[in-house]
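Structure assessment
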Amino acid sequence: MEKTPRPSTERELILFLTRRLLKGTGDNVTPADFRSVRTAIIETYGDNKSPLDRHGLNKIVHSLETALALCDMVSPDRNMVLATLLYGLCTEESLTVEKISEVWGEDVRRLVSGLLKVSTLYGKQGVVKTDNFRRLLMTFAEDIRVIIIMIVERLTLMRAINHHPDEKFVTDTAFEANYLYAPLAHRLGLYKIKSELEDMSLKYTTRETYTKIARELNETKVARDAYIADFIAPLKKRLDATGLKYEIKGRTKSIYSIWNKLRKQQVELSGIYDLFAIRVILDVPLEREKADCWNVYSIVADMYTPNPARMKDWLSIPKSNGYESLHTTVKGPDNKWVEVQIRTKRMDLVAEKGLAAHWKYKGIKSEGDLDTWMNNIRDILETADGPMELMKNFKMDLYDKEVFVFTPRGDLYRLPLGATVLDFAFNIHSKLGCTCVGGKVNGRNRKLNYKLHSGDTVEVTTAPGQVPKQDWLNFVVTSKARNKIKQTINERANRSAELGKELLQRRCKNRKIEIDEGMLMRTIKKMGYRTVTDFYKAIGDELIDVNDVITQYEFIENADKKSEVEKRSAEEFELAESPERNLDSTSDDILIIGDDIKGINYRLSRCCNPIFGDDVFGFVSAEGVIKIHRLDCPNAQHIRYKYPYRVIRTRWSGKVGSRFAATLKIVGNDDLGIVTNITSIINKEKDVTMRNITIDSSDGIFSGFIVVGISDTSALNNLIKKIKTVKGVKDVERSN
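First, a word on what this report is: a plain description of the structure on this page.

Conventions adopted
- Residues numbered from 1 in each chain as written.
- Predicted model: local features only at pLDDT ≥ 70, side-chain atom pairs only at ≥ 80, totals over all residues.
- Heavy atoms only, no water.
- Buried < 20%, exposed > 50% of the residue type's maximum accessible area, 1.4 Å probe, protein only.
- Helix = DSSP H or I, 4+ residues; strand = E, 2+ residues; numbered from the N terminus.
- Pairing = 2+ DSSP bridges.
- Expected span 1.5 Å × (residues − 1).
- Arc of directions from axis to C-beta.
- Contact = heavy atoms within 4.5 Å.
- Patch = residues over 30% accessible without salt bridge, like charges linked within 9 Å, V, L, I, M, F, W, Y side chains within 5 Å.
- Areas by Shrake-Rupley, 256 points an atom, 1.4 Å probe, with all protein chains shown as cover.
- Salt bridge = Lys/Arg side-chain N within 4 Å of Asp/Glu carboxyl O.
- Axes fitted to C-alpha atoms, helices over the stretch in contact; angles between N-to-C directions.
- Disulfide = S-S within 2.5 Å.
- Phe/Tyr/Trp six-rings, centres within 6.5 Å; stacked < 30°, edge-to-face > 60°.

1. Overview of the pairing of strand S15 (residues 626-630)
Residues in a regular strand project their side chains so that they alternate between the two faces of the sheet. Taking burial as the measure, the five residues of S15 include four buried ones, the bulk of the element. Judged from the three bridges that link them, strand S13 (residues 602-604) and S15 form a sheet pairing that is parallel. Among the inter-strand pairings, Arg603 is bridged to a residue of S15, identified as Lys627. Bridge analysis of strand S14 (residues 616-620) against S15 gives five bridges, and the strand direction is antiparallel. Looking at the pairing, Gly618 lines up with Ile628 of S15.

Quick look at the structure:
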């Protein structure tokens, strides 16, 4: 808060802010730098004493206040301050980025270019509601300093619009600050900025609620201050006796934080669990930081009863944004809960000014944290599906609870609570995640969805043929894993659709059929597909036969050509006899359809692969072919419900002479020679041939599908019994 009143005129205000900025930048920005910026401002605006933006805010005042807030809350370098002051001038097109490079340096030009990209995205609509959101964040991710400047610029704007007449502009700005800039500030450890943005956002969007909480806090301020003083007094005596250099601060939680607790816990203000917070800040050398913090903790815990469930140790393993502190919640006088935060001056500066504060301490490396943060942002930007998904991921990743796991080499990784083996694999590398089939956790084989615990040592197991599955999205918790899985599944679907499209075009060309797009769309709709991509993907994945598609297409085409023929309802449909099979069919017919009718054109359905001996029924397809389904076919219930008039009673004739394809699903232990034993049994069976075999192994368990050519259900059941006797086989069943 400013101690001196703000000047009443714009000229006096600009001079006032300039003097404060000169003082606040210290040795970072020279007087010569300020003189050159002042010259650029005069050249840009000339005699216009009050250059206003489209919302009526003074541009010069806004730039100065942003630069001043940057100095107060972040500790910026010279180039960040200059870029903040200059980029607004470039929007007037009187100052070019080339001139900025020439006068103030290439780094300032690079920062200004990033800020200009952001400024062009602000149109009439809120930026988070448009596709510009992705482009905005991509600009952010180019240089972390651009992010910091934009966060502070939003803070300055929020401060300036408290009583702005345009209510929609205020509401949109507040919404954007809460959903974009506050989470960004949190990620960078700029907690003071985050809290102020959240408080002002609540104030501008729900002013009555904000005012009510603020009034209640104000009414209890005297009593609260007295309580904090009573809590601190005996603690100071004990700390003074240790000879430590320290200071103690008392505070109340932010209004937004209190509102969140009131909303979640459904309580009154007096019922908030830990409304009070005491901060003990030590002035000790770097090598004694942890030991002295724990020493203070032991004193606090000895004086007041601690709540073990509320103990938070960010000394041993700091947060990903650089935050270090020791938190404990204790029962103070009158049995009220008080949170005590114990940290050093260095840690407090990092907590107040975020990762940027690392730059002020020699020997403290922040590059690793910055690189990790930036890489995380880029991963999200490259793979997320649209602006709202991005916003969800930003909010979702702000975990206070985390787990810490190790690689076999001892490298430490930080993951959100609930992270699985698969999340860990994706966290290391996207390719590792895509091919992951499980992992060894503390030496024991675990599945993909196994939830990790702090201290676990994880070794990822991969397989070359593994690809991301849709069900993986049900258990992963990190946005990186979720977005990469979605991206890979979509890419695979698109490739499969391209393959299906090419296959259909090639088959039509071979049969000299010219595809009409309108007719094809009718065919796609007729076959029950919502999108063209789903249709082509089904062809590419061999879920539908391309010949069936062409038959359906020709059927619709011929129906159009024969529009003069009297239309008949489906209930009146009569089967036309096939020219290839008639009522006097040869004796090798094995199916009797309807009332002892033979010689009908039929086809065994691929969805259930019926074989001789199965209970079956016939279904009249659109092209006039009878498709034979098993009674327990997955599609049987749907067919009987939707098309009862097309279902025809069907039975086997009692004459066997054909081979049918049947698929067996086998699950067992991945023992040496088990597959050889299974195939040996099949090869020894009379009148049974093996057509195809697919085996997959994971975590010591193998599962496989074997397609055999077989005469009837009796032979199939006999084969299943024999395979079950193989050592290591857990289960054998017939698959559709």
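This is not the end of the story, as more comes after the structure.
2. Considerations on helix H2 (residues 31-45)
An ideal rise of 1.5 Å per residue puts 21 Å on 15 residues; H2 measures up with 21 Å between its terminal C-alpha atoms. Residues of H2 that are buried include every one of Asp33, Phe34, Val37, Ala40, Ile41, Thr44 and Tyr45, and no others. Taken around the axis of H2, the buried residues stretch over an arc of 120°, which confines them to a single face. For H2, the exposed residues lying more than 90 degrees away from the buried face are Pro31, Arg35, Arg38 and Glu43. In this fold, the buried residues of H2 make contact with helix H1 (10-25), helix H3 (59-73), helix H4 (78-90) and helix H5 (97-104).

3. Describing a nonpolar patch on the surface
Nonpolar side chains collect at one region of the surface, where Val675, Met690, Ile693 and Ile695 lie side by side and expose about 260 Å² of accessible area between them. Take the nonpolar patch: its biggest share by element is three residues, from strand S18 (residues 689-698).

4. Structural notes on the sheet that holds strand S11 (residues 458-462)
Strand order across the open sheet formed by three strands is S10-S9-S11, with antiparallel pairing between neighbours. The strands lining the two open edges of the sheet, one partner per strand, are strand S10 (444-446) and S11. Each adjacent strand pair in this sheet contributes to an overall mean axis angle of 30°, direction not counted. The pairing of strand S9 (residues 436-441) with S11 spans five bridges and is classified as antiparallel. Each residue of the ladder has a partner; that of Gly439, found in S11, is Val460. Contacts from helix H18 (residues 421-428) reach S9, S10 and S11, with the element oriented near 105° to S9.

5. Concerning the environment of Ile299
Mapped onto the secondary structure, Ile299 falls in helix H14 (residues 289-303). Separated by 60 residues in sequence, Ile299 and Leu239 place their C-alpha atoms 7.9 Å apart. If near-sequence neighbours (up to four positions away) are discounted, Ile299 is found in contact with Leu235, Arg238, Leu239 and Thr242.

6. Describing the state of the cysteines
Applying the stated criterion to the full structure yields zero disulfides. Between Cys633, a cysteine without a disulfide, and Cys607, which holds the nearest cysteine sulfur, the sulfur-to-sulfur distance is 3.4 Å.

7. Remarks on unusual backbone geometry
Positive phi outside glycine occurs at Asn442, with the angle close to 55°. Along the chain, the position of Asn442 falls in the loop between S9 and S10. According to the relative accessible area criterion, Asn442 is partly exposed, its value standing at 48%. Residues other than glycine seldom take positive phi values, yet Asn609 does so here, at roughly 45°. Tracing the chain through its elements places Asn609 in the loop between S13 and S14.

8. Topic: the packing of aromatic side chains
As enumerated under the stated definition, the model contains nine aromatic pairs in all. Plain terms: the ring middles of Tyr191 and Tyr323 are 5.2 Å apart, the flat faces sit at 90° to each other, and that makes the pair edge-to-face. With a gap of 132 residues between them, Tyr191 in helix H10 (residues 191-205) and Tyr323 in the loop between strand S4 (312-313) and strand S5 (326-331) connect regions that are remote in the sequence. Taking the relative accessible area as the measure of exposure, Tyr323 reaches 6% and is therefore buried. Residues Phe612 and Trp652 carry aromatic rings whose centres are separated by 5.2 Å and whose planes lie at 40° to one another, so their mutual orientation is tilted.

Read these as layout, nothing more, since geometry by itself doesn't imply function.
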